[in-house]
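Single-letter residue listing:
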Amino acid sequence: MTAVREKPARLISGPGMLLVWFYGVMVVGAVSRSAYQIGTDFQRAPLAYSLSAVAGVVYVFITYTLIRGGERARRAALVCCAAELAGVLVVGTWTLVEPSAFPDATVWSDYGMGYVFIPVLLPLSAMYWLRAARSGRGG
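Positions within a chain are numbered from 1, following the residues in the order the chain's sequence is written. Per-residue local features of the predicted model are confined to residues with pLDDT of at least 70, and side-chain atom pairs are confined, for both listing and counting, to 80 or more; whole-chain, interface and lining totals are unaffected and use all residues. For side-chain calculations, the full set of non-hydrogen atoms in the structure is used, while hydrogens and water are omitted.

Trainee: Provide a residue-level description of the nonpolar core, including the pertinent values.
Mentor: What tends to happen in soluble globular proteins is that the nonpolar side chains get buried as a cluster. In plain words, nonpolar cores are sets of buried Ala, Val, Leu, Ile, Met, Phe, Trp, Tyr and Cys residues tied together by side-chain atoms within 4.5 Å. Residue burial is assigned from relative accessible area. The probe radius is 1.4 Å, only protein chains are included, and a residue is buried under 20% of its type maximum, exposed over 50%, and partly exposed in between. Counting residues in hydrophobic clusters, the biggest one holds 32 residues, and the most contacted among them are Tyr23, Tyr59, Ile62, Leu66, Val107, Trp108 and Leu130. Put simply, the parts of the chain that give this core at least two residues each are α1 (15-41), α2 (46-68), α3 (71-97) and α4 (118-135). Labels follow the DSSP assignment, with helices taken as runs of H or I lasting at least four residues and strands as runs of E lasting at least two, numbered in each case from the N terminus. The greatest single-element share of this core, amounting to eight residues, is contributed by α2. Only heavy atoms enter the contact rule, under which two residues are in contact if any of them lie within 4.5 Å. Sequence-distant contacts of Trp108, defined by excluding residues within four places in its chain, comprise Ala55, Tyr59, Glu84, Gly87, Val88, Val91, Gly92 and Pro119.

Okay, here's the thing in structure tokens:
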């Protein structure tokens, strides 16, 4: 007798698909920006460029978990979105309080102002969607 594998619950239906699109755009933006900056002028602002790379990795993981689907992926995405929001708030505040520590901007500088505040709005939207998906109101 073969065990039937249950297909993971979809997280990318409806608003979830829009989240995947936005996170995908942020992956391209953060990863390409940090790769270029690290590869060409890392010594100028190593902290800023490293933080942009971290943001890119976070965006990749959240995008993957949203596409993967299932309860375990939903919980992992929720934890990562909370960590992302904390990072945006900490780095955003840090860049305002101590701008000399950042000779160049990060993805999360000034709460993501260089990215039209998407870095602060995206995790809030994703956390709302992921909580709704758990209760059955989402996908």
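Following the structure, the description resumes.
Trainee: Hey, could you go over the pattern of salt bridges for me, with residue numbers and the actual values?
Mentor: By salt bridge we mean one thing: a side-chain nitrogen of Lys or Arg within 4 Å of a carboxyl oxygen of Asp or Glu. This model, assessed by the stated rule, comprises two salt bridges. The salt bridge partner of Arg74 is Glu71, with a shortest N-O separation of 2.7 Å. Of the two residues, Arg74 and Glu71 are both situated in helix α3; the distance of three residues between them amounts to about one turn of the helix. Here Glu71 falls in the partly exposed class, since its relative accessible area comes to 37%.

Trainee: An account of the packing of α2 against α3 is requested, with residue identities and associated values reported.
Mentor: Direction vectors running N to C along α2 and α3 enclose 155 degrees, while the axes themselves pass 9 Å from each other. As summarised for this structure, α2 and α3 are arranged roughly antiparallel, according to the angle between their axes. Where α2 crosses over α3, the handedness of that crossing is left-handed. Mapping the contact onto sequence places Leu47, Leu51, Val58, Tyr59, Phe61, Ile62, Thr65 and Arg68 in α2 and Ala73, Ala76, Ala77, Cys80, Cys81, Glu84, Val91 and Trp94 in α3. Looking at the contact of α2 with α3 residue by residue, the classes come out as 13 nonpolar, one polar and two charged. To get an axis, fit a line to the C-alpha atoms, keeping to the stretch in contact for a helix; angles then go from 0 to 180 degrees between the N-to-C directions. By the definition adopted for this analysis, an angle is roughly parallel if under 35 degrees, roughly antiparallel if over 145, roughly perpendicular if from 65 to 115, and oblique otherwise. In a left-handed crossing the near helix is turned counterclockwise from the far helix by less than a right angle, and in a right-handed crossing that turn is clockwise. Three categories are distinguished: nonpolar for Ala, Val, Leu, Ile, Met, Phe, Trp, Tyr, Cys and Pro, charged for Asp, Glu, Lys and Arg, and polar for the others, with Gly belonging to the last.

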